[in-house]
Each structure stands twice: as structure tokens, then as C-alpha cells.
Amino acid sequence: MTVTVYLPLLLAVVLAWSAPRIAKRGGPGPAARGLSAIAVIAAASSTWSLTMLALTALDDLPPLAALDEHPSMELPEPVPGPVALVAGLALLLGGVRLLIDLRRRLVTHRQLRAAGTAEHGLVVADWSAPLAVAVPGRRGREGHLLVTTGMVRLLDADERRVVFAHEQAHLAHRHHRLVAATAAAAALNPLLVPVRETVAYLVERWADEDAAAVVDDRDLTAQAVARAALATVGAGPGAALGINGGAALHRVRALTEPAPAPRRRRLIGPALLGVGYLTTVTAATVEFVALARAWL
């Protein structure tokens, strides 16, 4: 097989390199959606490439292996055996990582929902640890906000308005789906971990901007984000979902600047990468089908 089958793996490196640069341009909403979509395409493409590489190991199994000794048969040489073996192992490890990530998210959602019954879309848990997180709904039900007494004591009334607006934005835009989709992509293809981290940061920025618009005060929002994010970064169930804390300094700095204007043309790069993935995967698939026909 030619280099075409390897290109989706190489393009993942390009996407990982460009993701932080895309995050700095324009509004966080379009960037988060665009990167999440291209990450899913990248993971599916690289998984299919690994599958095609792993399947070439079938030519070493009977009855195809017996044909290699037949003088009248000249079967095309696919890829070296070690490459096919590594591809198979990469597929197996990716599946294991995906299952671990899914289980972790399900357990975290279950723990958050068990914290209490929501009243008017809000649960106040009597926990000393400061935490505020959006809890997604289950089976079409509305989600709710979970805030601990530790967080309530940490913030004043105006800052609590910011935090509630921030978490409500997570629910309104279904940020957990974007984060979960990108995390699944990174589980299948570890080269996409920088994209996962970038999307997690962008949804926080997106919620920050929504909160600033609701309270109509960017300085107050920056103050509340700094206090809440620094108190919760890297801890609690929210961190397990990837939509909590995270890069607080960059978020606060962004809030001290004017609100970013949407620039959809800045997503031309991800769009071109998407086209590149689809093109290379199609070419590799055509080549693999031709190879399979020669085997059979």
C-alpha cells in the first residue's frame, strides 16, 4: 500500500499543531465547534487507516499464505508484517482508552446527579470544597447546575451571578457533547490530545463570554472567573468532565480585552483539513479494495 494510507495519521499532527493557533482567532464558539468536528473526522479517518493496515496481516494467514508459494500467483505485497501488528495494537489500545473515558464520564455524571434533587434547575450541595458545575440532563431531561456551599461562601452575590451564568451557558450550548466527542477522538488517536485540551479551554472561554454578556460587566466576570477557576482547577467531578477550571490566567486575560468578533473565515484551515482527511481516506480505501480483490 502507498503512503496514502498513512496520511490521516500525519494530518493528525498538523491538526494538533494548529489547534492552539485556531483558538486564538475569532470567537470561541465557532472555533470549539469546528475543532470538535474535525477531531471526530480525524479520529475516524486514522482509525480506518489503522484498520486497513491491520487487515493486511491477513495475507499471512491460511489460505492466503499458501498462495505465496504458488509459482503462478503473484499477490501484491501490502505492508510489512510489523507495521500491520503495530496498527492492530494501536487499534486495541485506542478501544481500551475509549471505554475507560466513557466509563469515567458515566460514573462522574452519576455522582453529580446523586448530589441532590434540583429545584428550579439548581442543586446546592453541602460540601466544603468549592465547586460549580453544569450537570447534563439524562434521556432528554433538562440539566441543572450544581454548586457547593464552599463555592457560595467563596463568592459574593455579584460573583455568584457570573458563575451561574457561566454554568448555564455550558448547559444551553451542550458543551459536554463537544468535550466528550473530542475526548473520544483523543482516546482513539492520542495525537489529538492537544485538540482535546484546546476544545476544553474554548468551551470555558465561550461560557465566560456568555456570562459577561449576561451581567454586562467584563471586569466583574474576570474577577469571578479568577476566584472560582483558581479554587476549582484540576479538582472535583467537573475536572473529570473537562469543563471546569482550566487555563484560568488566559481566560482572565481574554476578559480584560474587548469581546472577540466572530470570524468564521478563520475556520478555513480546519475545513481544508477535513477535506484532506476525506480525500486521503477515500484514496486509501480504493487502494485497499483493489488489494483485497487481488487477494481474493
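Residues numbered from 1 in each chain as written. Predicted model: local features only at pLDDT ≥ 70, side-chain atom pairs only at ≥ 80, totals over all residues. Heavy atoms only, no water.

A. Main features of helix α6 (residues 157-172). The terminal C-alpha atoms of α6, which comprises 16 residues, lie 22 Å apart, in line with the 22 Å expected from a rise of 1.5 Å per residue. Residues of α6 that are buried: Glu159, Val162, Val163, Ala165, His166, Glu167, Ala169, His170 and Leu171. (Helix = DSSP H or I, 4+ residues; strand = E, 2+ residues; numbered from the N terminus. Expected span 1.5 Å × (residues − 1). Buried < 20%, exposed > 50% of the residue type's maximum accessible area, 1.4 Å probe, protein only.)

B. Region of the structure containing the sheet that holds strand β1 (residues 122-125). A sheet is described by the order of its strands in space; here 3 strands give the open sequence β1-β3-β2, paired in mixed fashion. Strands with a single pairing partner mark the edges of an open sheet, and in this sheet they are β1 and β2 (132-135). Sheet twist, expressed as the mean angle between neighbouring strand axes with direction ignored, is 20°. As defined by bridge partners, β2 adjoins strand β3 (residues 144-148) across 4 bridges and the pair is classed as antiparallel. Residue pairing across strands places Val135 opposite His144, the latter belonging to β3. (Pairing = 2+ DSSP bridges. Axes fitted to C-alpha atoms, helices over the stretch in contact; angles between N-to-C directions.)

C. Here's a closer look at the side chain of His175. Inspection of the secondary structure assignment puts His175 in helix α7 (residues 175-188). Judged by relative accessible area, His175 falls into the buried class, the value being 0%.

D. Quick look at the nonpolar core. Within the largest apolar cluster, 22 residues are counted, with the highest numbers of intra-cluster contacts made by Leu15, Ala32, Leu35, Leu192, Val195, Leu202 and Val203. Secondary structure elements with two or more residues in this core: α1 (7-23), α2 (28-55), α7 and α8 (193-215). Here the element with the most residues in this core is α2; it accounts for 7 residues. (Core = buried A, V, L, I, M, F, W, Y, C linked by side-chain atoms within 4.5 Å.)

E. Expanded view of the pattern of salt bridges. Within this structure, the stated rule accounts for 8 salt bridges. When the shortest N-O distance is used, the salt bridge between Asp101 and Arg105 registers 3.1 Å. With Asp101 and Arg105 both in helix α4 (residues 81-113) and 4 residues apart, the pair spans about one turn of that helix. Assessed through its relative accessible area of 10%, Arg105 is described here as buried. Between Arg205 and Glu209 there is a salt bridge, and its shortest N-O distance comes to 2.9 Å. With Arg205 and Glu209 both in helix α8 and 4 residues apart, this pair spans about one turn of that helix. Both residues of the pair, Arg205 and Glu209, count as buried. One network of salt bridges, in which partners are shared, links Asp101, Arg104 and Arg105. (Salt bridge = Lys/Arg side-chain N within 4 Å of Asp/Glu carboxyl O.)

F. Seen up close, the confidence of the model for the chain. Of all residues in the chain, 75% have pLDDT values of 70 or greater, and the mean over the chain is 80. Averaged pLDDT values for the elements of the chain fall to 45 in helix α3 (residues 64-67) and rise to 94 in α7. (pLDDT = per-residue confidence, 0-100.)

G. Seen up close, the packing of α2 against α4. At their nearest, the axes of α2 and α4 sit 8 Å apart, and the two run at 135° to each other. Judged on the interaxial angle alone, α4 and α2 are oblique. When the axes of α2 and α4 are compared, the crossing they make is left-handed. Taking contact as the criterion, the partners of Thr47, Leu50, Thr51, Leu53 and Ala54 in α2 are, on α4, Val83, Ala84, Ala87, Gly88, Ala90 and Leu91. In terms of residue class, the contact of α2 with α4 is built from 8 nonpolar, 3 polar and no charged. (Parallel < 35°, antiparallel > 145°, perpendicular 65-115°, else oblique. Left-handed = near helix turned anticlockwise from the far one by under 90°. Contact = heavy atoms within 4.5 Å. Nonpolar A, V, L, I, M, F, W, Y, C, P; charged D, E, K, R; others polar.)

H. Spotlight on the pairing of β1. Side chains Val123 and Ala125 project from β1 onto a buried face, and the interleaved Leu122 and Val124 project onto a face without burial. In terms of strand pairing, β1 meets β3 through 4 bridges, oriented parallel. If you follow Val123 over to β3, its bridge partner there is Leu146.

I. Fine view of the packing of α1 against α8. α8 packs onto α1 with a crossing angle of 15° between their chain directions and a minimal axis gap of 8 Å. Between α1 and α8, the angle falls in the class roughly parallel. In this structure, α1 crosses over α8, and the sense of that crossing is left-handed. In this structure, α1 uses Leu15, Ala16, Ala19, Pro20 and Ala23 to contact α8, whose residues at the interface are Pro194, Val195, Thr198 and Leu202. The class makeup of the residues in the contact of α1 with α8 is 8 nonpolar, 1 polar and no charged.

J. Focus on a positive patch on the surface. Positive charge collects at one region of the surface, where Arg103, Arg110, Arg138, Arg139 and Arg141 lie side by side. With respect to the helices and strands, Arg103 occurs in helix α4. With relative accessibility at 60%, the residue Arg103 sits in the exposed group. (Patch = residues over 30% accessible without salt bridge, like charges linked within 9 Å, V, L, I, M, F, W, Y side chains within 5 Å. Areas by Shrake-Rupley, 256 points an atom, 1.4 Å probe, with all protein chains shown as cover. Lys, Arg positive; Asp, Glu negative; His and termini not counted. Charge placed at Lys NZ, Arg CZ, Asp CG, Glu CD.)

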